[in-house]
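Tertiary structure, described
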Amino acid sequence: MKNVKNIIQRRKKSNRKGVVDVQFNWIFVMIAGFVIFIFIISVVFAQKRNADTQAGTSAINQIKTLIEGRQQTGDVYSEIAFPRTNINFMCAEAAQDKYYFTFKIENAERTQLPTEIIFAPQNLATNKIMVWSQAFDLGFPVSVFTYITTADSIILIYDPNYNSNGGGSSYASQIFNDLPSNITKKFVKNDAEIKKYNNYTRVRILCFEDMGCPDAAAYDYINITSAQGAGLYGYGNVTFHKKTDHIYNPQQVVPYITKSGLYGAIFSDNTEYYSCQMSRALKQFEIKRSLVESRLTLMQDDLDDSDCKRDIIASLNLEIDKMREPYLNEENMTWLYRKIKDLDIDNTNLILDSCPKIY
Amino acid sequence: MMTQNSYKKRGQVQLGETTAVIAIVIILLVIGIVFWNKVSNSNVSDIRTQSQELSVIEIANMVPELTELKCYESGVNKVKCLDWYKILAMNKSINDKNNKDVFLFYNDYFKNSKITISVVYPDVLGNNNITIYDARLNNSTKTLLISIPVNIRDYVNKETFYGTIIVEGYYNE
């Protein structure tokens, strides 16, 4: 009897120990499982982060390559489609006369575009950008300006005298015809017509000094004032009017030069962005001007004493040297425009005399 | 009938098995991580080399298209033709020790490369190789060399030469 009691007691003890063993095993397995689970989850998230970074980098490279490709030649229009993305362009003055231009796609790193001059809305949320380019020549090629817009943007050309039979302002028609057909653009005759296009995300209204502009308190617009005798694409001023200003604000007036410069203002959001990009373009102009100066100096040394040599020396001293380091202001742009005209005449004369050209 | 000792042994065997399984799983995980790391590192290195080589090819494509070097006749640029005086002017301006602005501007285009214009035929200019740009990183860099044939036009003496643009891209291994 005593033996039987002992055996039962021992069995009860060992059963309890078995329960502790089994519980311990389960806790052990759960902890190990949790650790493995956390590890796998962290690997998955790391992979996702890498994939996002790679996709961002790839999108940046794709857009950068496409934009750079368009930089080689002027007057090219194309469209770039990609998954819906937020793009931000930023142009700012880092130090005195030192500007930097960057762009950012979604949450990817900001990428520098040190040589590209791009006029675009500063913030875009789109799946397609429309890219147009124009050569920026100031007597010799300086750069190629790139203009970016989207399908949900519209350019409204304000012309109270417009009629579909060909009447209206010649400047308004010139801009309408020169803009690529794929970019959405319309003529509007009055403020009531502007309201029809309220469904567009971005509405850019263009008007001309001599023809009147929409209600200053109701609309933001760009007022173009071309210089007397220079034509629309010569030089002049653009006013980035803001409806919040109500009245004329001289700080919103900036000068433009050439066709590519005027379109730069049309595709920019504000004076700050436009002025920053134009200042960068004028920096590039100074580099190209110094190259032309070096080339003409070397050529005049090698040329025999002839009309060619005299013409080249005259261009060098009267035009190229005087165009040195221009700033974006009305006086400089007027001066620069005159010098460009003189360079064109010099170049024609050199061609007629069978001489090497300035450019 | 089981004794207390045999119960103890059974418990030890079970714990030993579990520990062995966990150890094997951990070893397999470590081997997996090491392998994955090596594969991803080699991928990164491949991508970097590929991107550096592509960058050199881009530079080689860009140089003959630069308006600062191209020949223009009647306002139209000539394909694969460089203006001799533009080459000399660029060489002078980029390598100007007193003014680094031009070098810094072209550094954004040419990056870490060396660009040489070589006159192959005829040998009349005296100076057959002109290095217009050189931004070598350091002595231990690897190079990729691309050579592009071009015509070189001297508008002062009204002569055309045959030459090559040699683009050497420097990059770290």
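Structure report, in brief. Predicted, not measured: the structure shown is a model, and the values here were computed from it.

Things to note about the environment of E331 of chain A
Residue and element names in this part refer to chain A. Note on placement: E331 falls in helix α7 (residues 330-352). Taking relative accessible area as the criterion, E331 reaches 63% and is therefore assigned exposed. When the C-alpha positions of E331 and P255 are compared, they lie 9.1 Å apart, and in sequence the two are 76 residues distant.

Regarding the interface of chain A and chain B
Counting from both sides, the interface comprises 30 residues of chain A and, opposite them, 34 residues of chain B. Carbon and sulfur atoms make up 68% of the area that chain A and chain B hide from each other, which totals about 3100 Å². On inspection of chain A and its partner chain B, the count reaches 2 salt bridges. Remark: the boundary between chain A and chain B carries 6 residue pairs in polar contact (both at pLDDT 80 or more).

Some words on the state of the cysteines
Residues and elements named next belong to chain B. The final tally for this structure, using the stated rule, is 4 disulfides over all chains. Through a disulfide, C71 is tied to C81; the S-S separation comes to 2.0 Å. Looking along the S-S bond of the C71-C81 disulfide, the torsion reads about -75°, which is the left-handed sense. Of the two residues, C71 sits in strand β1 (residues 70-73) while C81 sits in strand β2 (residues 76-83), which places them 10 residues apart along the sequence. The same class applies to C71 as to C81, namely buried. Counting only the cysteines that take part in disulfides, in the order they occur along chain A, gives the pairing 1-4, 2-3, 5-6.

Focus: the sheet that holds strand β9 (residues 202-208) of chain A
Residue and element names in this part refer to chain A. Taken together, 6 strands build an open sheet; the order of strands is β8-β7-β9-β10-β11-β12 and the sheet is mixed. In this open sheet, the two strands that pair with only one neighbour each are β8 (185-188) and β12 (253-257). Across the sheet, the axes of successive neighbouring strands diverge by a mean angle of 25°, strand direction being ignored. Relative to β12, strand β11 (residues 235-241) runs antiparallel, the two being bridged by 5 bridges.

Some remarks on the packing of aromatic side chains
Taken as a whole and judged by the stated rule, the model has 27 aromatic pairs over all chains. Summarising the aromatic geometry, the rings of Y147 of chain A and Y263 of chain A are spaced 6.4 Å apart at their centres and angled 65° between planes, so their arrangement reads as edge-to-face. Taken together, the residues span a long stretch of sequence, with Y147 of chain A in strand β6 (residues 141-150) and Y263 of chain A in helix α4 (residues 258-266) at a distance of 116 residues. For the residue pair Y147 of chain A and Y263 of chain A, the accessibility class agrees, reading buried in each case. Each ring, one from Y359 of chain A and one from Y72 of chain B, has its centre 5.0 Å from the other, and the planes form 50°; the classification is tilted. On the criterion of chain membership, the pair formed by Y359 of chain A in the segment after α7 and Y72 of chain B in strand β1 is interchain, its members lying in two chains. With relative accessibility at 14%, the residue Y72 of chain B sits in the buried group. These aromatic residues form a ring-pair network of at least three members: F119, W132, F136, F145, Y147, Y233, F240, Y263, F267 and Y274 of chain A. Against the face of Y359 of chain A rests K86 of chain B, its NZ or CZ located 3.9 Å from the ring centre. Here the basic side chain of R153 of chain B rests over the ring of Y155 of chain B, its NZ or CZ set 5.5 Å away from the ring centre.

Considering a nonpolar patch on the surface
Residue and element names in this part refer to chain A. A cluster of nonpolar residues, F34, F37, I38, I41 and F45, forms a patch on the protein surface that exposes about 510 Å² of accessible area. Inspection of the secondary structure puts I38 in helix α1 (residues 2-71). A residue is classified by how much of its surface remains accessible, and I38, at 42% relative accessible area, is partly exposed.

So, unusual backbone geometry
Following Y121 of chain B, the chain continues to P122 of chain B via a peptide bond in cis, the omega torsion being -10°. With respect to the secondary-structure elements, P122 of chain B resides in the loop between β3 (113-121) and β4 (129-134). Its identity as a non-glycine residue notwithstanding, E325 of chain A has a phi of 40°, on the positive side. Inspection of the secondary structure puts E325 of chain A in the loop between α6 (307-320) and α7. For K158 of chain B, which is not glycine, the phi dihedral falls at a positive 55°. Inspection of the secondary structure puts K158 of chain B in the loop between β5 (142-154) and β6 (159-171).

A short note on the packing of helix α2 (residues 170-178) of chain A against α4 of chain A
All names here are of chain A. Close contact between α2 and α4 brings their axes to 13 Å; oriented N to C, the two are set at 85°. Viewed along their axes, α2 and α4 adopt a mutual orientation that is roughly perpendicular. On the side of α2, the interface is formed by Q174, I175 and D178, while α4 contributes K259, L262, Y263 and I266.

With respect to helix α2 (residues 84-94) of chain B
Residues and elements named next belong to chain B. Burial of α2 is extensive: 8 of the 11 residues sit out of reach of the surface. Those residues of α2 that sit buried are W84, Y85, K86, I87, A89, M90, S93 and I94. Its side-chain oxygen placed 2.9 Å from the backbone nitrogen of Y85, D83 serves as the N-cap of α2.

Observations regarding the nonpolar core
Counting 96 residues, the largest nonpolar core has I175, I224, I257 and F267 of chain A together with Y106 and F110 of chain B as its most contacted members. Here this core gets 10 residues from one element, more than from any other, and that element is helix α5 (residues 271-302) of chain A. Contact partners of I224 of chain A, with chain neighbours within four places excluded, come to I175, C207, F208, E209, L232, N237, V238, Y256, L262 and I266 of chain A. Listed in part, the 20 residues of the second largest apolar core include I87, C91, I129 and I148 of chain A.

Parameters at a glance
- Residues numbered from 1 in each chain as written.
- Chains lettered and ligands numbered in written order.
- Predicted model: local features only at pLDDT ≥ 70, side-chain atom pairs only at ≥ 80, totals over all residues.
- Heavy atoms only, no water.
- Helix = DSSP H or I, 4+ residues; strand = E, 2+ residues; numbered from the N terminus.
- Buried < 20%, exposed > 50% of the residue type's maximum accessible area, 1.4 Å probe, protein only.
- Contact = heavy atoms within 4.5 Å.
- Buried area = accessible area lost by both parts, 1.4 Å probe.
- Salt bridge = Lys/Arg side-chain N within 4 Å of Asp/Glu carboxyl O.
- Polar contact = N/O pair within 3.5 Å; in protein donor to acceptor, adjacent residues only side chain to side chain.
- Disulfide = S-S within 2.5 Å.
- Pairing = 2+ DSSP bridges.
- Axes fitted to C-alpha atoms, helices over the stretch in contact; angles between N-to-C directions.
- Phe/Tyr/Trp six-rings, centres within 6.5 Å; stacked < 30°, edge-to-face > 60°.
- Lys NZ or Arg CZ within 6 Å of the ring centre and 35° of its normal.
- Patch = residues over 30% accessible without salt bridge, like charges linked within 9 Å, V, L, I, M, F, W, Y side chains within 5 Å.
- Areas by Shrake-Rupley, 256 points an atom, 1.4 Å probe, with all protein chains shown as cover.
- Parallel < 35°, antiparallel > 145°, perpendicular 65-115°, else oblique.
- Core = buried A, V, L, I, M, F, W, Y, C linked by side-chain atoms within 4.5 Å.

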